[in-house]
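Here are the chains, one letter per residue:
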Amino acid sequence: MLVYLDCDPGIDDALALGYLLAHPDVELALIGSVSGNTDAATAAANARDLLELFGHPEIPVAVGRTDFLSHPYSGGAPHVHGNNGIGGVQLPGGAAPFAPGSAAEELVGLARSRPGELHVLAIGPLTNLAVALEIDPELASLVADVVVMGGAALAPGNVTAAAEANIHNDPEAAAAVFAAGWDVTLVPLDATMFQRFEQGDLDALLAGGPRAAALGRMLETYYAFYTQHFGRPSSALHDPLAAAVLTGEAVVSRASRVPVVVDTGDGPGRGQTIAELRGRYRPVAPEHPEGVRVVFDIADPFAPQLLARLLAL
Ligand code: BDR
Ligand code: CA
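About the criteria used
Residues numbered from 1 in each chain as written. Chains lettered and ligands numbered in written order. Predicted model: local features only at pLDDT ≥ 70, side-chain atom pairs only at ≥ 80, totals over all residues. Heavy atoms only, no water. Helix = DSSP H or I, 4+ residues; strand = E, 2+ residues; numbered from the N terminus. Rg over C-alpha atoms; globule rule 2.2 N^0.38 Å. Contact = heavy atoms within 4.5 Å. Areas by Shrake-Rupley, 256 points an atom, 1.4 Å probe, with all protein chains shown as cover. Lys, Arg positive; Asp, Glu negative; His and termini not counted. Charge placed at Lys NZ, Arg CZ, Asp CG, Glu CD. Near = heavy atom within 4 Å. Polar contact = N/O pair within 3.5 Å; in protein donor to acceptor, adjacent residues only side chain to side chain. Pairing = 2+ DSSP bridges. Buried < 20%, exposed > 50% of the residue type's maximum accessible area, 1.4 Å probe, protein only. Arc of directions from axis to C-beta. Core = buried A, V, L, I, M, F, W, Y, C linked by side-chain atoms within 4.5 Å. Donors = N, O, S within 2.8 Å, 3.2 Å for Na, K, Ca; no water. Phe/Tyr/Trp six-rings, centres within 6.5 Å; stacked < 30°, edge-to-face > 60°. Lys NZ or Arg CZ within 6 Å of the ring centre and 35° of its normal.

Participant: Give a detailed account of the overall build of the protein, specifying residues and quantitative values.
Facilitator: A tally of helices and strands in the protein yields 13 helices and 12 strands. Against the compact-globule benchmark of 20 Å for 313 residues, the protein has a radius of gyration of 18 Å, which places it among compact chains. Along the first, second and third principal axes, the C-alpha set of the protein runs to 50 × 45 × 35 Å. Contacts spanning at least 24 positions in sequence make up 81% of the contacts within the protein whose residues lie at least 6 apart. Of the roughly 12,000 Å² that the protein leaves accessible, carbon and sulfur atoms contribute 53%. With 16 positive and 36 negative side-chain charges, the protein shows a spacing of 5 Å between the two charge centroids.

Participant: How would you summarise the environment of A173 if you had to cite specific residues and measurements?
Facilitator: Following the sequence through the fold, A173 ends up in helix α8 (residues 171–178). A sequence separation of 135 residues divides A173 from A308, and the C-alpha atoms of the two residues are 35 Å apart. Excluding residues within four positions of it along the chain, A173 makes contact with L69, L126, T127 and A130.

Participant: Requested: an account of the site of ligand 1, with residues and values cited.
Facilitator: Close to ligand 1 lie D12, D13, N37, H81, I123, M149, N158, E164, A165, N166, H238 and D239. Within the side chain of D13, an N or O atom sits 3.0 Å from an oxygen atom of ligand 1. Between N166 and ligand 1, the recorded distance is 3.0 Å, taken from a side-chain N or O atom to an oxygen atom. Elements represented by at least two residues in the shell around ligand 1 include exactly α1 (11–22), α7 (165–169) and α12 (238–247).

Participant: Now, about the sheet that holds strand β6 (residues 184–187): what can you tell me, with residues and values included?
Facilitator: Spatially, the eight strands line up as an open sheet ordered β3-β2-β1-β4-β5-β6-β12-β9, and their pairing is mixed. The sheet is open, and its two edges are formed by β3 (61–62) and β9 (252–258), each paired on a single side. Sheet topology note: the β9/strand β12 (residues 292–298) ladder contains six bridges and is antiparallel. Counted as the bridge partner of R254 is D297 from β12.

Participant: I'd like to hear about α8, residue by residue, with values.
Facilitator: If you check which residues of α8 are buried, you get P171, A173, A174, V177 and F178. Along the axis of α8, the buried residues cluster in a sector spanning 160°; they form a single face. Its buried side turned inward, α8 meets α5 (127–135), α7, β6, β10 (260–262), β11 (273–275) and β12.

Participant: With reference to specific residues and values, describe the nonpolar core.
Facilitator: By size, the foremost hydrophobic cluster in this structure holds 65 residues, and its most contacted members are I31, L121 and F197. Sorting elements by how many residues they give to this core places helix α11 (residues 210–230) first, with 10 residues. Not counting the four nearest positions on each side in its chain, F197 is found in contact with L15, L205, L219, Y223, S234, S235, L237, A303, L306, L307 and L310. Formed by 44 residues, the second largest nonpolar core is a distinct cluster that contains L107, V108, L142 and V148.

Participant: Can you explain the coordination of the calcium ion (ligand 2)? Please cite residues and give values.
Facilitator: Taken together, the protein ligands of the calcium ion (ligand 2) are D8 (OD), D13 (OD), D13 (OD), I123 (O) and D239 (OD), with distances of 2.2 to 2.6 Å. Expressed as a motif, the donor residue spacing for the calcium ion (ligand 2) is D-x4-D-x109-I-x115-D. Linking D13 in helix α1 with D239 in helix α12, this pair joins segments that are 226 residues apart in sequence. Here D13 matches D239 in class, with each residue buried.

Participant: Talk me through the packing of aromatic side chains; I want residue IDs and the actual numbers.
Facilitator: The full count for this structure, using the stated rule, is five aromatic pairs. Each ring, one from Y19 and one from F302, has its centre 5.8 Å from the other, and the planes form 80°; the classification is edge-to-face. Of this pair, Y19 sits in helix α1 while F302 sits in the loop between β12 and α13 (303–311); the two residues are 283 residues apart in sequence, bridging distant segments of the chain. Here the aromatic cluster, defined as three or more aromatic residues joined through ring pairs, consists of Y222, F225, Y226 and F230. R196 extends its terminal NZ or CZ atom over the ring of F230, reaching a point 3.5 Å from the ring centre.

Encoded structure:
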């Protein structure tokens with residue numbers, strides 16, 4: 001499958017990138033960076049350095065928007081992802097030049113050149129996708145489908161009581177993406193918070209080859225953050241789980257296709273993803289063909305599959 005990856009590496013973004021490169025069915029055509037965990041320029045440099053580490057310097061990286069649709073970027077999440085977005089790990093720098101266009105422009109060009117073929121995976125704020133929809137109003141009809149890591153349907157948020165980080169960073173962009181009429185699957189905290197790497201997974205990565213070990217060193221920072229939440233060294237697998245929902249390797253056991261609106265107000269609910277789930281009170285919940293497919297659960301633990309792929313990098 002032909003894939004465009006929009007990302008803000010980001011420690012779990014790095015895991016997702018490694019996963020995609022290790023998956024034999026994925027042809028990663030282009031990476032776009034966006035601000036989120038760090039600024040878009042640093043995220044692009046991290047993506048390029050990760051591609052070099054993983055032996056794929058030929059895959060183009062396009063730099064995306066620094067600022068969000070309605071407000072400027074204001075510093076990312078160094079307390080979660082370290083000062084450079086990848087846990088302070090210094091990678092040998094890749095030398096490949098960035099793509100000439102912005103991430104949004106390059107996405108539009110790629111979708112136009114391969115109509116109907118492109119699968120979009122967005123694991124950061126949705127700014128680039130919203131800008132791409134503005135550039136080309138036909139984009140939604142040119143893309144096969146869109147998988148987004150973000151939001152919280154019935155679960156609590158992670159940056160506020162109501163909102164998840166990717167959506168909270170740019171709620172206006174998320175609202176535009178959910179309303180664009182393309183086939184969107186949302187992989188929210190309801191699913192991702194319960195798919196985790198534990199201490200044994202980290203130890204295995206650190207004892208693996210140089211690529212796996214570098215990911216392990218990044219994860220040490222992520223584990224330090226998640227220890228505060230989970231009470232033991234471990235990490236949620238947000239972005240790689242979304243990647244595996246895209247490939248089909250993570251089998252979805254519970255999902256609803258329903259309208260999802262994003263709170264773009266300035267109150268405490270800003271960035272909340274409000275899913276129309278009242279149908280669940282009926283014996284058979286109705287599906288909304290025009291809605292967003294919201295993933296709630298995965299059939300089996302995903303960590304073993306992810307670990308095996310990363311160790312084979
Ligand atoms: C999401 O926010 C980012 O910090 C992670 O990379 C992931 O995409 C989780 O809320
Ligand atoms: Ca991310």
